[in-house]
Amino acid sequence: MMRLLSAVLVGLAVMLAGCGPIYHTDYQMLPAASAEGRMCGNSCLSSQQSCVQSCRSQSQSCEAMARLESQNDYLSYVNEQQRKGKPVKKSQSDFTHYGNCSDSSCVERCESDYRACHTNCGGR
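Residues numbered from 1 in each chain as written. Predicted model: local features only at pLDDT ≥ 70, side-chain atom pairs only at ≥ 80, totals over all residues. Heavy atoms only, no water.

Draft legend 1. The overall build of the protein, seen in detail. Regarding its fold elements, the protein presents 3 helices and 0 strands. Order of helices (α) and strands (β) in the protein, N terminus to C terminus: α-α-α. Within the protein, the proportion of its 124 residues that are buried is 19%. For the protein, the share of sequence-separated contacts (at least 6 apart) that also reach a separation of at least 24 residues comes to 72%. Accessible surface, the protein as shown: approximately 9,700 Å² in total, 55% of it carbon and sulfur. (Helix = DSSP H or I, 4+ residues; strand = E, 2+ residues; numbered from the N terminus. Buried < 20%, exposed > 50% of the residue type's maximum accessible area, 1.4 Å probe, protein only. Contact = heavy atoms within 4.5 Å. Areas by Shrake-Rupley, 256 points an atom, 1.4 Å probe, with all protein chains shown as cover.)

Spelled out as structure tokens, the structure:
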């Protein structure tokens, strides 16, 4: 009986954990009233697009380096296993760690800089 109660409580806790709020902010960008402000805003947009592209390039370079490092680590593992006469049980993917390769924080900075620039140009 106690086991059944424990199982039900654990199940209930797991179900409730999935019911937490999910926060997401949407921004509505309104252009500046003046022609100069709109030109300035276009410059902000161009800078933001370059920034995001740079983030993506950095992320791709990071992932390529992680793959190269994992290949070296995997080959070292294979050589060590063969030297010991043991079977190779892992694959290269077991050694691949992308860790800090995400571009999300970089892109968030680009978005934040764009919003500030847009506002400074007279946009809302």
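Draft legend 2. Structural detail: the pattern of salt bridges. In total, this model carries 3 salt bridges according to the counting rule given. Between Arg 56 and Asp 103 there is a salt bridge, with the nearest N and O atoms lying 3.5 Å from each other. Here the residue Arg 56 occupies a position in helix H2 (residues 35–84), and Asp 103 occupies one in the loop between H2 and helix H3 (104–120), the gap between them amounting to 47 residues. With its nearest N and O atoms 2.5 Å apart, the salt bridge here joins Glu 80 to Arg 83. (Salt bridge = Lys/Arg side-chain N within 4 Å of Asp/Glu carboxyl O.)

Draft legend 3. Summary view of the nonpolar core. By size, the foremost hydrophobic cluster in this structure holds 5 residues: Val 52, Cys 55, Cys 106, Val 107 and Cys 110. Among the secondary structure elements, those contributing two or more residues to this core are H2 and H3. For this core, the element with the highest residue contribution is H3, accounting for 3 residues. Discounting residues that sit within four places of it in the chain, Cys 106 has contacts with Cys 55 and Gln 58. (Core = buried A, V, L, I, M, F, W, Y, C linked by side-chain atoms within 4.5 Å.)

Draft legend 4. Region of the structure containing H3. For H3, which comprises 17 residues, the first-to-last C-alpha distance of 24 Å matches the rise-based estimate of 24 Å (1.5 Å per residue) to within 8%. Taken together, the buried residues of H3 touch H2. Remark: Gly 122 follows H3 within two positions and exhibits a positive phi of approximately 100°. (Expected span 1.5 Å × (residues − 1).)

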